[in-house]
Amino acid sequence: MFRDSLRPLYHGANASSPVVTNKPSMVTLLRDFDSPGVFPASARIDRSLKITNGFTMKVWDVWRYPAFAFNKASSLAFDVISHHVWGPRRKSWGIEMTILSSLMRDVSRHSALADIAMVRKAMGIGGLVPLPSDALVTPVTFRVRKRNLRGMLETCDAMENEKRELSGEWIIGKRLWQSLQSDYKSARKTGEGANFVDQTKLDYDLRKGQSRVILYIHGGAYYSSSAAAQRMLTIPLSKYTNARVFAVDYRLAPETVFPGQLHDVVSTYFRLTDDLRVPPENLVVAGDSAGGALGLALLLYLRDNGYTLPGGAMLFSPWVDLTLSCESWDTNAAYDIIPTPGPTAHLHPVIMYLGDTLEQYITHPYASPLFGKFEGLPPMLIQCGDAEVLHDEIVLLSHKASLAGVQVQLETYEDAVHVFQAFPFLNVATTAFISCREFVRHKLPHIQSHSPQVLDNDTEICLENDTDNDNVRVVRGDGVETNSGWQEVQEQMAREIIDTSYEAQLSSAVPPSWGHTWLDLEPTPNSSGSEAEPTTPCVTVADPSRVLRHAVSTPALRRMQSALSVFSERSVASQYLEDWPTRRKKFTLSPTPTRPSSPSEASHPSIKIPAFATPWATMTSIASTTYLV
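Quick caveat, the model's predicted, so the values are computed rather than measured.

A. Structural view of the overall build of the chain. Counting its regular elements, the chain contains 23 helices and eleven strands. Sequence-distant contacts, at least 24 apart, represent 84% of the contacts inside the chain between residues at least 6 apart. Accessible area for the chain stands at about 25800 Å²; split by element, carbon and sulfur atoms hold 55% of it.

Set out below in structure tokens:
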């Protein structure tokens, strides 16, 4: 009785009560984002805010630090106790997610206690976590060339003197690396000193299967994080998709403001296509959060200025509306791990990113892609959680792109937070990466406008020189990074046993965890030649515990199981299995319109929704899937 009487206190303090309202249709909601330059009435940002001079700490403010620590400690203790007394605030959450949500909730109220350097150091704590195993990482530094860019970046390009440098890193799964090394040796042996090789003497399917290159753009609200900090995403992405991943370190705000970050991403794209000779159709652009928005801005810029587009895009929780206009900023604020920006300009990501040009650019499609036109863009895989503050704008993005004729697959994961793929203790993270594999390996080659090519020998030589040098580092099977020279890497790789546990989840004995796919395409067995392909068509999982058992048995995930799990009375997997019959939801799958050829018009004019799409846009989801694993 006493416990039940306190339940309203817990839920009232930590969760928004669901309110049944008549929500407007998608067409009505999208009207606010039809016209760049028009500020939505529901915007939650003050356009009069200006960037501040910086962080100033006074002696008499020192007391605020212990007060903040006490406040967070008491809130955390209350949430942990409540988790076990009344259950988690989201049905499928384990103790780890309760703790993460508690730590991050309302943290923006205390932004005056930190400066940008402190925030970046705090974000770097993630680098102390053991990494996913079995990958090679090669840091790269390159000079930014003048490329005679057109459009908005013409001024930025004219300022380049080929002295400025950008950095990034290549991430290659060990199995892919071993297969590539075998190809390189065969090429040298066959060429016998020449710079070419007869491709008929090599396995064509093998080379085609490993010819994908992913350009990854990290998130971090434009002012923090790095390529190295996002290896929890890039290493599994390389392993699951069997692709080489290049993650770029673009310049951060507030030292560099818009469109400087976009210029860095565009320069990196052209380095891959022009300098390293990777065919654009072989490229897939991927990114999380702010990086997802930059990836979408890259696509808009390339299309608007007549450049060749990449083969596809994968966006993880993209932040596509800087005006913060969508309702989920309020309804999911109690659950998500990213805080709502505070009312002042200090450490406000939008203010730091746009600087003094906030009012001019906040609704520009390259800054807030939700305001853009999407005709002619390549196929997209978009993943988000239904417990994140960006949920509504991501759904609107998917609808708007679908109405524009883009092939879009939206995946909404139940109870998942912002960029949940970065948390290996979540079972849905494994499901999300399996879906990425399905998209890159099996869907994209059939639906992109131009099929990916087998990389020629000149391109392979360029990539080999960029990835295989004395800067290469190995992430061993225990998640520890070693800094070794090329010769030591060769010796270590000869001795080391490769972790193949993630492949067990993809074997024919374990079908994928989704019910139906957006296109009824049969998987192509052994298209890459380096890993076992799923041979079972995409069917409903009869026993979800099979997927869960593989997920929790992965060595990389075992290393990541939180010590705080001892507080939990039962595992997340057991809770999930008990609740499975009641947690299943149906998802709707809409017909996807044919994607037109790339238009020459820019993304700034208002989008005109075709008449046939009006009733279609009122559906609750378009080309979307709700994942419950």
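B. Spatial organisation of the nonpolar core. Counting residues in hydrophobic clusters, the biggest one holds 88 residues, and the most contacted among them are Leu296, Trp319, Leu322, Leu354, Phe374 and Met380. The element that contributes the greatest number of residues to this core is helix α11 (residues 290-304), accounting for ten residues. One finds Val137, Tyr240, Val284 and Ala286 within the second-largest nonpolar core, a separate group that totals 27 residues.

C. Fine view of the packing of helix α9 (residues 231-241) against helix α16 (residues 427-447). Two numbers describe how α9 lies on α16: the axes approach to 9 Å, and their chain directions differ by 50°. The angle between α9 and α16 falls in the class oblique. Considering how the two elements wind past one another, α9 and α16 form a crossing that is right-handed. In this structure, α9 contributes Met232, Leu233, Pro236, Leu237, Tyr240 and Thr241 to the contact, and α16 contributes Thr430, Phe433, Ile434, Cys436, Arg437, Val440 and Arg441. Looking at side-chain class alone, the contact of α9 with α16 contains nine nonpolar, two polar and two charged residues.

D. Quick peek at the packing of aromatic side chains. Summed over all chains, the structure comprises 15 aromatic pairs. With centroids separated by 5.5 Å and ring planes inclined at 75°, the aromatic side chains of tyrosine 269 and phenylalanine 270 adopt a geometry described as edge-to-face. Judged by relative accessible area, which is 1%, tyrosine 269 ranks as buried. Overall, the relative accessible area of 8% leaves phenylalanine 270 in the buried class. Their ring planes at 50° and their centres at 4.8 Å tell us that tyrosine 413 and phenylalanine 420 sit as a pair that is tilted. An identical accessibility class is assigned to tyrosine 413 and phenylalanine 420; each is buried. Among the aromatic residues, those joined into a ring-pair cluster are Tyr222, Phe258, Trp319, Tyr353 and Tyr361. Against the face of phenylalanine 39 rests arginine 47, its NZ or CZ located 4.0 Å from the ring centre.

E. Representation of the pattern of salt bridges in the model. Counted according to the given criterion, the structure contains 16 salt bridges. Arginine 90 is the partner of aspartate 415 in a salt bridge, and the nearest nitrogen-oxygen pair spans 3.1 Å. Of the two residues, aspartate 415 is situated in the loop between β8 (408-413) and α16 and arginine 90 in the loop between α3 (64-85) and α4 (95-104); the sequence distance between them amounts to 325 residues. Here aspartate 415 matches arginine 90 in class, with each residue buried. Taking the shortest distance from any N to any O, the salt bridge between aspartate 458 and arginine 277 comes out at 3.6 Å. Of this pair, aspartate 458 sits in helix α17 (residues 457-467) while arginine 277 is found in the loop between α10 (260-275) and β5 (283-288), placing the two residues 181 residues apart along the sequence. Judged by its relative accessible area of 36%, aspartate 458 falls in the partly exposed class.

F. Molecular detail of the packing of α10 against α11. Close contact between α10 and α11 brings their axes to 10 Å; oriented N to C, the two are set at 70°. Our classification of the angle between α10 and α11 gives roughly perpendicular. α10 and α11 meet at a crossing whose hand is right-handed. Residue-level inspection shows Gln261, Leu262, Val265, Val266, Tyr269 and Phe270 of α10 in contact with α11, the latter providing Leu294, Ala297, Leu298, Tyr301 and Leu302.

G. Region of the structure containing helix α15 (residues 391-403). Counted at 1.5 Å a residue, the expected span for α15 with its 13 residues is 18 Å, and the 19 Å between its end C-alpha atoms agrees. For α15, the buried fraction is high: twelve of the 13 residues fall into the buried class. The set of residues buried in α15 consists of His391, Glu393, Ile394, Val395, Leu396, Leu397, Ser398, His399, Lys400, Ala401, Ser402 and Leu403. A positive phi of about 95° marks glycine 405, the residue just after α15.

H. Up close: the environment of lysine 121. Positionally, lysine 121 belongs in helix α5 (residues 116-123). Judged by relative accessible area, lysine 121 falls into the exposed class, the value being 67%. Residues lysine 121 and serine 225, spaced 104 residues apart in sequence, show a C-alpha to C-alpha distance of 9.0 Å.

I. Seen up close, the pairing of strand β3 (residues 213-217). Among the five residues that make up β3, five are buried, leaving the element largely enclosed by the rest of the structure. Burial of β3 is two-sided: the residues Val213, Leu215 and Ile217 facing one way and the residues Ile214 and Tyr216 facing the other way are all buried. With five bridges joining them, β3 and strand β4 (residues 244-249) adopt parallel strand pairing. Bridge pairing in β4 links valine 213 to arginine 244. Assessed by its sense of winding, the connection that carries the chain from β3 through α9 to β4 is right-handed.

J. Layout of α4. Summarising burial for α4: seven of the ten residues are buried, a large majority. Every buried residue belonging to α4 is among Ile95, Glu96, Met97, Thr98, Ile99, Ser101 and Ser102, and all of these are buried. Aspartate 106 lies just past α4 and shows a positive phi near 60°.

K. Here's a closer look at unusual backbone geometry. Residue proline 254 is bonded to the preceding alanine 253 through a cis peptide linkage, with omega at 0°. That bond from phenylalanine 258 to proline 259 is cis: its omega, 5°, falls within 30 degrees of zero. Relative to the assigned elements, proline 259 resides in the loop between β4 and α10. A positive phi is found at serine 225, a non-glycine position, where the angle reads about 75°.

L. Representation of the pairing of strand β2 (residues 165-173). Of all the nine residues making up β2, seven are buried; the element is thus mostly covered by neighbouring parts of the structure. Strand direction decides the pairing type here: strand β1 (residues 135-143) and β2, joined by nine bridges, are antiparallel. Pairing of phenylalanine 142 across the sheet is with leucine 166, part of β2. The sheet contact formed by β2 and β4 spans five bridges and is antiparallel. Its bridge partner lying in β4, serine 167 is registered against aspartate 249.

Criteria and thresholds
Residues numbered from 1 in each chain as written. Predicted model: local features only at pLDDT ≥ 70, side-chain atom pairs only at ≥ 80, totals over all residues. Heavy atoms only, no water. Helix = DSSP H or I, 4+ residues; strand = E, 2+ residues; numbered from the N terminus. Contact = heavy atoms within 4.5 Å. Areas by Shrake-Rupley, 256 points an atom, 1.4 Å probe, with all protein chains shown as cover. Core = buried A, V, L, I, M, F, W, Y, C linked by side-chain atoms within 4.5 Å. Buried < 20%, exposed > 50% of the residue type's maximum accessible area, 1.4 Å probe, protein only. Axes fitted to C-alpha atoms, helices over the stretch in contact; angles between N-to-C directions. Parallel < 35°, antiparallel > 145°, perpendicular 65-115°, else oblique. Left-handed = near helix turned anticlockwise from the far one by under 90°. Nonpolar A, V, L, I, M, F, W, Y, C, P; charged D, E, K, R; others polar. Phe/Tyr/Trp six-rings, centres within 6.5 Å; stacked < 30°, edge-to-face > 60°. Lys NZ or Arg CZ within 6 Å of the ring centre and 35° of its normal. Salt bridge = Lys/Arg side-chain N within 4 Å of Asp/Glu carboxyl O. Expected span 1.5 Å × (residues − 1). Pairing = 2+ DSSP bridges. Right-handed = clockwise from strand over helix to strand, strands pointing away.

None of the figures reported here should be taken as evidence of function without further support.
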